[in-house]
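Analysis of the macromolecular model
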Amino acid sequence: DIQMTQSPSSLSASVGDRVTITCRASQGISNYLAWYQQKPGKVPKLLIYATSTLQSGVPSRFSGSGSGTDFTLSINSLQPEDIATYYCQKYDRAPLTFGPGTKVEIK
Amino acid sequence: EVQLLESGGGVVQPGGSLRLSCAASGFTFSNYAMNWVRQAPGKGLEWVSVISVTDDTTYYADSVKGRFTISRDNSRNTLFLHMNSLRAEDTAIYYCVKRSGDGRGYYLDYWGQGTLVTVSS
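Residues numbered from 1 in each chain as written. Chains lettered and ligands numbered in written order. Predicted model: local features only at pLDDT ≥ 70, side-chain atom pairs only at ≥ 80, totals over all residues. Heavy atoms only, no water.

1. Observations regarding the pattern of salt bridges
As a reminder, the rule being used: What makes a salt bridge here is a side-chain nitrogen of Lys or Arg within 4 Å of a carboxyl oxygen of Asp or Glu, nothing more. For each residue, the accessible area found with a 1.4 Å probe, counting protein chains only, is set against the maximum for its type, and the residue is called buried under 20%, exposed over 50%, and partly exposed in between.
As enumerated under the stated definition, the model contains 11 salt bridges over all chains in all. Between Asp92 of chain A and Lys90 of chain A there is a salt bridge, with its nearest N and O atoms 2.9 Å apart. The residues Asp92 of chain A and Lys90 of chain A share a single accessibility class, namely buried. Each of Arg38, Glu46, Arg67 and Asp90 of chain B takes part in a single network of salt bridges with overlapping partners.

In C-alpha coordinates form, the structure reads like this:
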(Lines give C-alpha, C1' and ligand atoms only; values in the text may rest on other atoms or scores of the structure.)
Protein backbone atom coordinates (compact mmCIF):
# COMPACT_ATOMS: atom_id res chain seq x y z
CA ASP A 1 0.00 0.00 0.00
CA ILE A 2 1.03 3.60 -0.61
CA GLN A 3 2.19 5.48 2.48
CA MET A 4 1.66 9.22 3.01
CA THR A 5 4.04 11.42 4.95
CA GLN A 6 3.84 15.11 5.89
CA SER A 7 6.35 17.67 7.02
CA PRO A 8 6.70 19.39 9.30
CA SER A 9 4.61 17.68 11.97
CA SER A 10 4.01 21.09 13.52
CA LEU A 11 4.89 24.69 12.87
CA SER A 12 4.52 28.05 14.52
CA ALA A 13 4.21 31.19 12.40
CA SER A 14 3.16 34.78 12.76
CA VAL A 15 -0.06 36.31 11.44
CA GLY A 16 0.57 37.38 7.87
CA ASP A 17 3.31 34.82 7.23
CA ARG A 18 3.29 32.45 4.27
CA VAL A 19 3.10 28.86 5.47
CA THR A 20 3.98 25.77 3.44
CA ILE A 21 3.20 22.15 4.30
CA THR A 22 4.59 19.24 2.31
CA CYS A 23 2.95 15.88 1.65
CA ARG A 24 4.73 12.96 0.02
CA ALA A 25 3.33 9.71 -1.34
CA SER A 26 5.52 6.60 -1.42
CA GLN A 27 4.37 5.96 -5.01
CA GLY A 28 2.83 8.14 -7.68
CA ILE A 29 -0.81 9.07 -7.22
CA SER A 30 -1.17 11.43 -10.20
CA ASN A 31 -3.15 14.42 -8.90
CA TYR A 32 -5.50 12.45 -6.62
CA LEU A 33 -4.57 14.38 -3.52
CA ALA A 34 -6.85 16.24 -1.12
CA TRP A 35 -6.21 18.48 1.87
CA TYR A 36 -8.41 18.71 4.95
CA GLN A 37 -8.46 21.23 7.77
CA GLN A 38 -9.46 20.20 11.28
CA LYS A 39 -9.84 22.94 13.84
CA PRO A 40 -9.60 21.96 17.52
CA GLY A 41 -12.69 20.03 18.61
CA LYS A 42 -14.26 20.24 15.15
CA VAL A 43 -15.03 17.95 12.24
CA PRO A 44 -12.50 17.81 9.38
CA LYS A 45 -13.34 20.03 6.44
CA LEU A 46 -12.33 19.60 2.80
CA LEU A 47 -10.06 22.41 1.64
CA ILE A 48 -8.55 21.29 -1.65
CA TYR A 49 -9.06 18.36 -4.03
CA ALA A 50 -7.35 17.29 -7.24
CA THR A 51 -4.13 18.72 -5.78
CA SER A 52 -5.01 22.35 -6.45
CA THR A 53 -8.79 22.88 -6.73
CA LEU A 54 -10.25 24.87 -3.85
CA GLN A 55 -13.50 23.57 -2.41
CA SER A 56 -16.33 26.09 -2.61
CA GLY A 57 -16.11 28.70 0.13
CA VAL A 58 -12.43 28.17 0.96
CA PRO A 59 -10.50 31.45 1.13
CA SER A 60 -8.17 32.15 -1.76
CA ARG A 61 -5.16 32.45 0.57
CA PHE A 62 -5.09 28.64 0.49
CA SER A 63 -3.46 26.96 -2.49
CA GLY A 64 -2.18 23.54 -3.46
CA SER A 65 0.35 22.28 -5.95
CA GLY A 66 2.31 19.20 -6.98
CA SER A 67 1.84 15.94 -8.82
CA GLY A 68 2.99 12.37 -8.72
CA THR A 69 4.56 11.96 -5.29
CA ASP A 70 5.23 15.45 -3.96
CA PHE A 71 2.55 17.94 -2.98
CA THR A 72 2.32 21.24 -1.17
CA LEU A 73 -0.35 23.16 0.73
CA SER A 74 0.36 26.85 1.11
CA ILE A 75 -1.38 29.46 3.21
CA ASN A 76 -0.62 32.93 1.92
CA SER A 77 -0.88 35.36 4.83
CA LEU A 78 -1.72 33.19 7.83
CA GLN A 79 -4.79 34.28 9.80
CA PRO A 80 -5.73 33.45 13.42
CA GLU A 81 -8.68 31.37 12.18
CA ASP A 82 -6.28 29.10 10.28
CA ILE A 83 -5.10 27.51 13.52
CA ALA A 84 -5.76 23.84 12.86
CA THR A 85 -4.27 20.51 11.94
CA TYR A 86 -3.98 19.90 8.21
CA TYR A 87 -4.12 16.44 6.66
CA CYS A 88 -3.36 15.30 3.14
CA GLN A 89 -5.08 12.23 1.72
CA LYS A 90 -4.65 10.11 -1.40
CA TYR A 91 -7.90 9.10 -3.05
CA ASP A 92 -6.83 7.41 -6.27
CA ARG A 93 -7.83 3.99 -4.95
CA ALA A 94 -8.37 2.19 -1.63
CA PRO A 95 -6.90 2.40 0.94
CA LEU A 96 -7.60 6.13 1.04
CA THR A 97 -4.65 6.83 3.31
CA PHE A 98 -4.27 10.08 5.24
CA GLY A 99 -1.00 11.74 6.10
CA PRO A 100 -0.15 12.04 9.82
CA GLY A 101 -1.11 15.71 9.96
CA THR A 102 0.60 19.07 10.43
CA LYS A 103 -0.40 21.23 13.37
CA VAL A 104 -0.29 24.95 12.64
CA GLU A 105 -0.03 27.41 15.53
CA ILE A 106 0.35 31.16 15.83
CA LYS A 107 3.64 32.45 17.13
CA GLU B 1 -27.89 20.74 2.41
CA VAL B 2 -25.94 17.51 2.88
CA GLN B 3 -26.44 16.03 6.32
CA LEU B 4 -24.86 12.90 7.77
CA LEU B 5 -25.97 11.83 11.23
CA GLU B 6 -24.12 9.01 12.93
CA SER B 7 -25.50 6.97 15.81
CA GLY B 8 -24.80 3.76 17.68
CA GLY B 9 -21.60 4.65 19.49
CA GLY B 10 -21.05 3.85 23.13
CA VAL B 11 -18.98 1.87 25.59
CA VAL B 12 -18.33 -1.79 24.80
CA GLN B 13 -16.09 -4.42 26.38
CA PRO B 14 -13.09 -5.83 24.53
CA GLY B 15 -14.22 -8.63 22.26
CA GLY B 16 -17.69 -7.13 21.98
CA SER B 17 -19.69 -5.91 19.01
CA LEU B 18 -21.35 -2.69 17.97
CA ARG B 19 -23.26 -1.43 14.94
CA LEU B 20 -22.93 2.15 13.81
CA SER B 21 -25.50 3.84 11.58
CA CYS B 22 -25.35 6.96 9.47
CA ALA B 23 -28.56 8.60 8.26
CA ALA B 24 -27.98 10.63 5.10
CA SER B 25 -30.07 13.45 3.67
CA GLY B 26 -29.78 16.37 1.30
CA PHE B 27 -28.39 14.37 -1.64
CA THR B 28 -29.18 11.28 -3.69
CA PHE B 29 -27.61 8.70 -1.38
CA SER B 30 -27.72 5.89 -3.94
CA ASN B 31 -25.44 7.81 -6.33
CA TYR B 32 -22.41 8.09 -4.06
CA ALA B 33 -19.86 5.80 -2.47
CA MET B 34 -19.67 6.16 1.30
CA ASN B 35 -16.86 5.81 3.82
CA TRP B 36 -16.08 5.47 7.48
CA VAL B 37 -13.10 7.36 8.89
CA ARG B 38 -12.03 7.24 12.54
CA GLN B 39 -9.93 9.33 14.88
CA ALA B 40 -8.54 7.98 18.14
CA PRO B 41 -8.35 10.48 21.02
CA GLY B 42 -5.59 13.00 20.33
CA LYS B 43 -4.54 11.19 17.15
CA GLY B 44 -4.80 11.70 13.41
CA LEU B 45 -7.39 10.58 10.89
CA GLU B 46 -7.53 6.92 9.85
CA TRP B 47 -9.57 5.79 6.86
CA VAL B 48 -11.53 2.64 7.79
CA SER B 49 -13.70 1.47 4.91
CA VAL B 50 -15.52 2.38 1.69
CA ILE B 51 -18.58 0.92 -0.03
CA SER B 52 -19.71 1.45 -3.61
CA VAL B 53 -23.20 2.59 -4.56
CA THR B 54 -24.44 -0.89 -5.38
CA ASP B 55 -22.99 -2.53 -2.28
CA ASP B 56 -20.90 -4.90 -4.39
CA THR B 57 -17.49 -3.34 -3.81
CA THR B 58 -16.03 -2.80 -0.35
CA TYR B 59 -12.54 -2.13 0.93
CA TYR B 60 -11.13 -2.05 4.44
CA ALA B 61 -8.05 -0.82 6.26
CA ASP B 62 -5.79 -3.69 7.29
CA SER B 63 -6.38 -2.77 10.95
CA VAL B 64 -10.09 -3.71 10.74
CA LYS B 65 -10.17 -6.29 7.94
CA GLY B 66 -12.02 -9.43 8.98
CA ARG B 67 -13.61 -7.72 12.01
CA PHE B 68 -15.60 -4.83 10.53
CA THR B 69 -18.25 -4.96 7.80
CA ILE B 70 -19.57 -1.95 5.93
CA SER B 71 -23.02 -2.05 4.36
CA ARG B 72 -25.72 0.29 3.12
CA ASP B 73 -29.46 0.42 2.63
CA ASN B 74 -30.20 2.74 -0.28
CA SER B 75 -33.97 2.49 0.34
CA ARG B 76 -33.43 3.99 3.80
CA ASN B 77 -30.52 6.32 2.90
CA THR B 78 -28.48 4.70 5.63
CA LEU B 79 -24.87 3.53 5.95
CA PHE B 80 -23.79 0.95 8.52
CA LEU B 81 -20.59 -0.28 10.12
CA HIS B 82 -20.78 -3.62 11.90
CA MET B 83 -17.87 -3.95 14.31
CA ASN B 84 -16.92 -7.28 15.88
CA SER B 85 -14.05 -8.46 18.10
CA LEU B 86 -13.51 -4.92 19.28
CA ARG B 87 -10.16 -3.97 20.78
CA ALA B 88 -8.99 -1.08 22.94
CA GLU B 89 -7.24 0.37 19.90
CA ASP B 90 -10.61 0.69 18.12
CA THR B 91 -11.55 3.45 20.58
CA ALA B 92 -12.20 6.51 18.43
CA ILE B 93 -14.67 8.94 16.99
CA TYR B 94 -16.14 7.31 13.89
CA TYR B 95 -17.10 9.65 11.06
CA CYS B 96 -19.47 8.88 8.21
CA VAL B 97 -18.07 10.52 5.09
CA LYS B 98 -19.59 10.97 1.64
CA ARG B 99 -17.45 10.47 -1.42
CA SER B 100 -17.80 12.87 -4.36
CA GLY B 101 -18.71 10.06 -6.74
CA ASP B 102 -18.51 6.30 -7.17
CA GLY B 103 -15.44 4.36 -8.22
CA ARG B 104 -11.83 5.39 -8.27
CA GLY B 105 -10.60 8.93 -8.05
CA TYR B 106 -13.32 10.59 -6.00
CA TYR B 107 -12.44 12.60 -2.90
CA LEU B 108 -14.29 12.79 0.43
CA ASP B 109 -16.42 15.92 0.49
CA TYR B 110 -18.89 15.86 3.39
CA TRP B 111 -18.38 14.61 6.94
CA GLY B 112 -20.81 13.80 9.71
CA GLN B 113 -20.34 14.99 13.28
CA GLY B 114 -19.07 11.59 14.40
CA THR B 115 -20.00 9.06 17.05
CA LEU B 116 -17.67 7.98 19.86
CA VAL B 117 -16.86 4.33 20.37
CA THR B 118 -15.05 3.41 23.57
CA VAL B 119 -13.72 -0.12 24.04
CA SER B 120 -12.99 -0.69 27.70
CA SER B 121 -13.61 -3.19 30.45
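2. Describing the packing of aromatic side chains
All names here are of chain A. To keep things clear, this is the line we draw: Ring pairs shown here join Phe, Tyr and Trp side chains whose ring centres sit within 6.5 Å, with only the six-membered ring taken for Trp; geometry is labelled stacked below 30 degrees between planes, edge-to-face above 60, and tilted in between. By definition, any uninterrupted DSSP run of H or I lasting at least four residues is a helix, any uninterrupted run of E lasting at least two residues is a strand, and each is numbered from the N terminus.
Taken as a whole, this structure holds 10 aromatic pairs over all chains when the rule is applied. Between Tyr32 and Tyr91 the ring centres are 5.7 Å apart and the planes differ by 75°, which places this aromatic pair in the edge-to-face class. In this pair, Tyr32 is assigned in the loop between β3 (19-25) and β4 (33-38) and Tyr91 in the loop between β9 (84-90) and β10 (102-106), connecting sequence segments 59 residues apart. Owing to a relative accessible area of 32%, Tyr32 belongs among the partly exposed residues under this scheme.

3. Considering the state of the cysteines
Short version of the rule: By definition, disulfides here are pairs of cysteine sulfur atoms that lie within 2.5 Å.
Applying the stated criterion to the full structure yields 2 disulfides over all chains. Put simply, Cys23 of chain A and Cys88 of chain A are joined by a disulfide, and their sulfur atoms are 2.1 Å apart. Classification of the bridge connecting Cys23 of chain A and Cys88 of chain A rests on its S-S torsion, roughly 75°, and on that basis the disulfide is right-handed. Pair noted here: Cys23 of chain A is in strand β3 and Cys88 of chain A is in strand β9, with a separation of 65 residues, a long-range link. The same class applies to Cys23 of chain A and to Cys88 of chain A, which are both buried. Note on cysteine connectivity: Cys22 of chain B is disulfide-linked to Cys96 of chain B, with sulfurs 2.1 Å apart. Disulfide Cys22 of chain B-Cys96 of chain B: the torsion about the S-S bond is -70°, which places it as left-handed. Here Cys22 of chain B, found in strand β3 (residues 18-25), pairs with Cys96 of chain B, found in strand β9 (residues 92-99); they are 74 residues apart in sequence, far enough to count as distant. Cys96 of chain B matches Cys22 of chain B in its accessibility class, with the two residues each being buried.

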